[in-house]
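Coordinate inspection notes
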Amino acid sequence: MKQNTVTPPMSGTAVRVLVSLSMLHGLNDAMQSAVTATYPLLKDDLTLSFGQIGLITLTYQIAASVFQPFVGLFYDRHPSPWSLPAGSCFTLAGFLSLAFATSLLWVTVSVFMVGIGSSTLHPEASRLTSIASGGRRGLAQSLFQVGGNLGGAIGPLLVAFLAAPYGRRYIAFFALLSLTAVFVALPVGRWYRRRLQLSTREPAGMRVRTESPLPLKTVVRSISILLLLIFSKYIYMASLSSYYTFYLIEKFHVTVQASQIFLFVFLGATALGTLIGGPIGDRVGRKYVIWASILGAAPFTLLMPCVDLFWTVALSFFIGLIISSAFPAILLYAQELLPYKLGLVSGLFFGFAFGVAGIASAVLGKMADWHGIETVYQVCACMPLLGIITWFLPDLKKQKGAEAKR
């Protein structure tokens, strides 16, 4: 069978489609991280409290999380080749609005529109990544995720060099990224339309119709454990993505621009860790990657509140490198548990991750107002210790090996 972009998913990797999906994820997450990177500018311009900053984040994360499982389930049942360009249009409108917002309400409406764009992209693009993977799902998912992490790392730099020196109105330049995303998404839509035309007997987007490898009770327990692991990971990640710049400014008296560069160090490390996590999971099993990436970050998170600026930045790099390898492994583990609901699973886990981050940002913002920003990091440092519950996950790789020998 020929390997091309219109053959069934296991016949080969549609490289150009995977690269385009990774680029879309990168553009989306650059704009997503730009929202949080503009917080110091919004705080100064509109005289906001940390609690109000948390409310803005909560609004964004609700829009970008609550809708995701429903979007994933809807497109599992009713696939559309034009969902990704439509989502990018919401993001474009949100950024144009955010640049000129003059009140807290206006800001929250703007970030809500940006969130709707993310809520559309993540489950759909992740599902299409699986379809285009050619069976190499760990590699494909890592490529997809690393695009997002690279974009997330670049977003604060763009804010630091475009908006921070010249004013918040320059946030409008991020609308150009949204427009770029629309043009990148159009060829993906045409590719997917051809796939749908060739698979009229499988109207749910050619998802793989296989049974779960485990009994339903074990699947439910395993999904619950994975969600708890997402909970621990993203509470800590929220403390860094939303408040790391404030922490550096308050504790070490660095400038806003310097704090954005140090945030880039952390986000760049998360991109590298994500790229590593998927292929390693293909080789050694996803359970061991999950175990090492969450619990393995705990010594560094516990140490970080106690060190000087140099070691804070260095430890943030190692934390990002280690802990970021968890998400591709967790998502693929969940997709292997429910292989016939790829969109739903992707939406559930992306949505839950964003939801946890949003709620955590709001709670951590209030904590910072009441007890100081350093207390936030002392409390959140313990969250990776929850990685110990990975012990209770079944080893799917060993199970597949045992079934192959029978």
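Residues numbered from 1 in each chain as written. Predicted model: local features only at pLDDT ≥ 70, side-chain atom pairs only at ≥ 80, totals over all residues. Heavy atoms only, no water.

On to the nonpolar core, then. Judged by nonpolar contacts, the single largest core of 105 residues is most densely connected at L226 and F349. If you tally residues by element for this core, the top one is helix α9 (residues 216–252), at 18 residues. If we ignore the near neighbours within four places in the chain, the residues touching F349 are I223, L226, L227, I230, F327, I330, L331 and A334. (Core = buried A, V, L, I, M, F, W, Y, C linked by side-chain atoms within 4.5 Å. Buried < 20%, exposed > 50% of the residue type's maximum accessible area, 1.4 Å probe, protein only. Helix = DSSP H or I, 4+ residues; strand = E, 2+ residues; numbered from the N terminus. Contact = heavy atoms within 4.5 Å.)

The topology assignment puts S232 in helix α9. When neighbours within four sequence positions are excluded, S232 is seen to be in contact with I294, M383 and L386.

All right, on to the pattern of salt bridges then. Using the criterion set out here, one finds 2 salt bridges in the structure. For R127, the salt bridge goes to E124, with nearest N and O atoms at 2.7 Å. Taken as a pair, R127 and E124 lie in helix α6 (residues 104–131) at a separation of 3 residues, close to a single helical turn. The two residues R127 and E124 agree in class, both being buried. Its salt-bridge partner being R286, residue E336 comes within 3.0 Å of it at the nearest N-O pair. Residue E336 is located in helix α14 (residues 326–337), and its partner R286 is located in helix α11 (residues 286–295); the two are separated by 50 residues in the primary sequence. Each member of the pair, E336 as well as R286, carries the same accessibility label: buried. (Salt bridge = Lys/Arg side-chain N within 4 Å of Asp/Glu carboxyl O.)

A contiguous patch of positive charge on the surface is contributed by R16, R190, R193 and R194. If you tally residues by element for the positive patch, the top one is helix α8 (residues 174–198), at 3 residues. Along the polypeptide, R193 turns up in helix α8. Taking the relative accessible area as the measure of exposure, R193 reaches 37% and is therefore partly exposed. (Patch = residues over 30% accessible without salt bridge, like charges linked within 9 Å, V, L, I, M, F, W, Y side chains within 5 Å. Areas by Shrake-Rupley, 256 points an atom, 1.4 Å probe, with all protein chains shown as cover. Lys, Arg positive; Asp, Glu negative; His and termini not counted. Charge placed at Lys NZ, Arg CZ, Asp CG, Glu CD.)

The predicted model of the protein chain averages 80 in pLDDT, with 88% of residues at 70 or higher. Averaged pLDDT values over the elements of the protein chain bottom out at 60 in helix α17 (residues 396–405) and peak at 93 in helix α12 (residues 298–303). In the predicted structure, residues 1–12 sits below a pLDDT of 50 and forms 30 contacts with residues beyond four places in sequence or in another chain. A low-confidence stretch, residues 202–209 (pLDDT under 50), is modelled with 22 contacts involving residues beyond four sequence positions or located in other chains. (pLDDT = per-residue confidence, 0-100.)

For the rest of this paragraph, the subject is α11. Turning to α11, its buried residues number three or more, namely R286, K287, V289, I290, S293 and I294. The buried side chains of α11 occupy one side of the element, clustering within an arc of 160° when seen end-on. (Arc of directions from axis to C-beta.)

This part is about a nonpolar patch on the surface. Taken together, the side chains of L272, L275, I276, I280, V284, Y288, F317 and F318 present a nonpolar region at the surface, about 650 Å² in accessible area. Contributions of two or more residues to the nonpolar patch are made by α10 (256–284) and α13 (309–323). The greatest single-element share of the nonpolar patch, amounting to 5 residues, is contributed by α10. Among the structural elements, L272 can be located in helix α10. A relative accessible area of 40% places L272 in the partly exposed class.

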